[in-house]
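Take a look at the letters that make up each chain.
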Amino acid sequence: MNASLGPDRRPVAVLIGFMGAGKSTVGAALAALLEVEFVDTDHEIVTRAGRSVAEVFATDGERYFRDLEVQVVLDVLGRETGVVALGGGAVMTPAVQAVLADHLVVYLEVSPDVGFVRVRSSGRPLLQPGADGTDAEQRYRALLDERVDTYRAAARLTIDTTGRDAASLADEIARALRLRPASAYRPEGSPP
Ligand code: S3P
């Protein structure tokens, strides 16, 4: 049964993973495959704040960003029935972990070598040079190390994304979770 069509109307799948894992690309591909909406919680934060994620970090700091993030994530999980991708750090908040226990969570695993190359020029606030003298790559590796157990613990399904394209990953997720396109649940001839 497709979770989005169940009585409590949860998202059909929630993608988690570190920066550079491909959550947005794979999420969009999975949503297209399942004929549902795709929502990226970082985009919602930007809409709600009226500023980029980097600007929120720079002006108000990480604590403020995390408070906004938890509100947005809980709102989105409570209302969306499509595919949802969470920002890489959202799962570290206990309130988010608690809600995710009730969802079909997919962890997209990425190696630090591949993931870092994808995000190194993106201006991600957590990869800015630290006061402690660490560079972006050291920060990327250390943060991933710190989080990996939490990602795995939150997930129903963990997928290694190494060398895979978004379409094949979307296909694997749909098969593993037995998710079918929305049209497969509609009586023949009924409008979408
Ligand atoms: C963060 C990941 C980012 C964004 C913010 C913080 C993190 O999202 O939410 O920069 O703590 O890992 P992506 O995972 O989409 O890069």
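Right, let's walk through the structure included here. Because the structure is a prediction, the values reported are computed rather than measured. (Residues numbered from 1 in each chain as written. Predicted model: local features only at pLDDT ≥ 70, side-chain atom pairs only at ≥ 80, totals over all residues. Heavy atoms only, no water.)

Tracing the sequence through the fold places V76 in helix α3 (residues 53–79). The spatial distance from the C-alpha of V76 to the C-alpha of D40 is 9.1 Å, given a sequence separation of 36 residues. (Helix = DSSP H or I, 4+ residues; strand = E, 2+ residues; numbered from the N terminus.)

Inspection of the region around the ligand gives 13 residues, with K23, D42, R66, R124 and R147 positioned closest. R147 has a polar side-chain atom sitting 2.6 Å from an oxygen atom of the ligand. Relative to its free-state accessible area of 380 Å², the ligand is covered by the protein chains to the extent of 94%. Among the detected pockets, the ligand sits in the largest pocket. Among the elements that line the shell around the ligand, the one with the most residues is α3, at three residues. Residues belonging to the shell around the ligand are distributed by class as follows: five nonpolar, three polar and five charged. (Near = heavy atom within 4 Å. Polar contact = N/O pair within 3.5 Å; in protein donor to acceptor, adjacent residues only side chain to side chain. Areas by Shrake-Rupley, 256 points an atom, 1.4 Å probe, with all protein chains shown as cover. 1 Å grid on protein atoms, 1.4 Å probe; cavity = no way out; pocket = protein on both sides within 12 Å on 5 of 7 lines; lining within 4 Å. Sits in = over half its atoms within 2 Å of the grid points. Nonpolar A, V, L, I, M, F, W, Y, C, P; charged D, E, K, R; others polar.)

Scanning all chains against the criterion turns up four aromatic pairs. By way of ring pairs, the aromatic residues F18, F116 and Y140 are connected into one cluster. When the ring centre of Y185 is taken as origin, the NZ or CZ atom of R180, which lies over that ring, is 5.5 Å away. (Phe/Tyr/Trp six-rings, centres within 6.5 Å; stacked < 30°, edge-to-face > 60°. Lys NZ or Arg CZ within 6 Å of the ring centre and 35° of its normal.)

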